[in-house]
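Structure at a glance
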Amino acid sequence: MKIKVKKLSYGKVLKLPKEKPITPKRTSWLFRTLMKIASAGELKATHFKHTKIGMEKLGKNEPCLYLMNHSSFIDLKIVSTILYPRRYNIVMTSDGFVGKRWLMRNLGCIPTNKFVTDIALVRNMAHCLNELKTSILLYPEASYTFDGTATTLPYGLGKCIKILGVPVVMIKTQGAFLHDPLYNGLQIRNVDVSATTEYLLSPEQINNMSVDEINAIVQDRFTFDNFRYQQEHNIVVDEPFRADGLERVLYKCPHCLAEGATLGQGTKLVCNNCGVTYRLDEYGFLQCENAESKFNHIPDWYKWERQCVKEDILNGKYLLEIDVDVIVMKGYKAVYDIGQGHLTHDSSGFRLIADNGQLDYVQPAQLSYSLYADYFWYEIGDVICIGNNEMLYYCFPRNAQGVVAKTRLATEEIFKIGF
């Protein structure tokens, strides 16, 4: 999928008219049917299976809040099939509306900016549930998983569930990440995919629970490890490209401690600084070929990288300074390439300078608990996105391998430390 990009100076972007708010629309039977038909081919190829737990508790036309883990683009195809013919609206990232506002609205999508406080979103969700009598599909993680484990959930999720006061249903996928992991550059693997739909909380339970209790239940359901699932179920992923792009996740060598020197290609991850080579086998294990193995499990390596970042932050050593190409989003007609800029990130937050100083944006560290970071964003490149409800700034690092993952880890750890 691509996005409409125009070349424009930042000054001219500022003069563009402000986008009118989008009111959610009740989806038609036609669009829901077309989505299901369009999804059938890929799901059939994955031998898709669906299991229901406790779903008899949900009334046939009773609106609810669906919470789904976010693994890959196939997620939307899964829900288009398993929820049919129920009506539902989808909370999605606002950049999905660019050049496709009419289509996305008719598909029932509700735009929001990731990791930005959006009071209007809760109001729009309540409008769908109470006025349109449709359910809501929400990906509370907001971003795809990098290492196959659950990403950070917002504390405000429990509060949102309390406010909405409707049944909560969990949709959890198995195999979706292994089928198309984000780091692997949109290369599809031959892996079976399944999903489980579970009735999680009734309105009565929600009413009698605290926000912390609700968050604890949701957090428990959002605990998973896709690589461990592969290993425990002996799932074979034997594609010769399965390690392509793995340096996006495993950017720091645990042997020589060099950052940005690893390269995932074919079935191997090689450190070009010290030469240590790991092979990603067919069952998702890492096997070191020429040294004593430091890790055999990708999430463990990623967890170690997080700890390294945390130590740098606590010791006052963490600093990102990098040249970036900058694309700005204002409205839904297009996104605007304003040229090169310079991005800085430390314990105080982000600062982006671009277009000869016309753009000088500062984002405090405590503005958000995580970061909108993505690989191969709309087939343009790996991206770090910052901004607010007025404008978003998509920063594409130049010649800096592993920066995207490290910056997301740093953003989360700085927020938790409380700078």
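About the criteria used
Residues numbered from 1 in each chain as written. Predicted model: local features only at pLDDT ≥ 70, side-chain atom pairs only at ≥ 80, totals over all residues. Heavy atoms only, no water. Helix = DSSP H or I, 4+ residues; strand = E, 2+ residues; numbered from the N terminus. Rg over C-alpha atoms; globule rule 2.2 N^0.38 Å. Buried < 20%, exposed > 50% of the residue type's maximum accessible area, 1.4 Å probe, protein only. Contact = heavy atoms within 4.5 Å. Areas by Shrake-Rupley, 256 points an atom, 1.4 Å probe, with all protein chains shown as cover. Pairing = 2+ DSSP bridges. Axes fitted to C-alpha atoms, helices over the stretch in contact; angles between N-to-C directions. Disulfide = S-S within 2.5 Å. 1 Å grid on protein atoms, 1.4 Å probe; cavity = no way out; pocket = protein on both sides within 12 Å on 5 of 7 lines; lining within 4 Å. Points joined across faces, edges and corners; volume = space filled by probe spheres on them. Nonpolar A, V, L, I, M, F, W, Y, C, P; charged D, E, K, R; others polar.

Once that is clear, we can look at the overall build of the protein chain. If you tally the helices and strands in the protein chain, you get 12 helices and 19 strands. Here the C-alpha radius of gyration of the protein chain, 21 Å, is about what a compact globule of 419 residues would show, namely 22 Å. If one aligns the C-alpha atoms of the protein chain with their principal axes, the spans along those axes are about 60 × 55 × 40 Å. Of all 419 residues assigned to the protein chain, the portion counted as buried reaches 56%. Within the protein chain, residue pairs in contact and separated by at least 24 positions form 68% of the contacts whose partners lie at least 6 positions apart. For the protein chain, the accessible surface area stands at approximately 18600 Å², while carbon and sulfur atoms represent 52% of it.

Once that is clear, we can look at the sheet that holds strand 12 (residues 286–288). Taking strand neighbours across the sheet as the criterion, the 4 strands line up as 9-10-11-12 in an open arrangement whose pairing is antiparallel. Each of the sheet's edge strands pairs with one partner strand only, and the pair in question is strand 9 (262–265) and strand 12. Here the strands of the sheet are splayed against their neighbours by 20 degrees on average, with no regard to which way each runs. One ladder, built from 3 bridges, connects strand 11 (residues 277–280) with strand 12; its direction is antiparallel. In the strand pairing of strand 12, Leu280 is matched with Leu286.

With that out of the way, let us pick up the state of the cysteines. Counted according to the given criterion, the structure contains 0 disulfides. Cys109 supplies the cysteine sulfur nearest to Cys128, a cysteine that is in no disulfide, at a spacing of 11 Å. The cysteine Cys274 is free of any disulfide, with Cys271 supplying the nearest cysteine sulfur at 3.7 Å. The partly exposed category is assigned to Cys274, whose relative accessible area is 36%.

Residues Thr277 and Arg279 line one face of strand 11 and the alternating positions Tyr278 and Leu280 line the opposite face, and both faces are buried. Pairing analysis gives 3 bridges linking strand 10 (residues 268–271) to strand 11, with the strands arranged antiparallel. When the sheet's bridge partners are listed, Leu269 is paired in strand 11 with Tyr278. Between strand 11 and strand 12, which follow one another and run antiparallel, lie 5 residues, and Gly284 among them has a positive phi close to 90 degrees.

The subject of this paragraph is empty space enclosed by the protein. For the structure shown, the criterion picks out 3 cavities of 30 Å³ or more. Approximately 170 Å³ is the volume found for the largest cavity. In terms of lining residues, the largest cavity is bounded by 20 residues, among which Gln363, Ser368, Ser370, Leu371 and Ile386 are the most central. Elements that contribute at least two residues to the lining of the largest cavity include exactly strand 15 (349–354), strand 16 (359–364), strand 18 (381–387) and helix 12 (403–417). For the lining of the largest cavity, the per-class residue count stands at 12 nonpolar, 7 polar and 1 charged. Here the second largest cavity is characterised by a volume of approximately 60 Å³. Every residue lining the second largest cavity is listed: Phe177, Leu178, Pro181, Tyr183, Arg189, Phe227, Gln230, Val237, Arg242, Leu280, Asp281 and Gly284. Taken together, the elements giving at least two residues each to the lining of the second largest cavity come down to helix 7 (176–179) and helix 10 (226–232).

Turning our eyes to something else, we now look at the pairing of strand 10. Sheet faces and side chains relate simply in a regular strand, where the side chains alternate between the two faces. Side chains of strand 10 alternate between two faces, with Leu269 and Cys271 buried and Lys268 and Val270 left unburied. The sheet contact formed by strand 9 and strand 10 spans 4 bridges and is antiparallel. Within strand 10, the position partnered with Gln265 by the bridge is Lys268. The hairpin turn running from strand 9 into strand 10, its antiparallel successor, is 2 residues long, and Gly266 in that turn takes a positive phi close to 70 degrees. Between strand 10 and strand 11, which follow one another and run antiparallel, lie 5 residues, and Gly275 among them has a positive phi close to 85 degrees.

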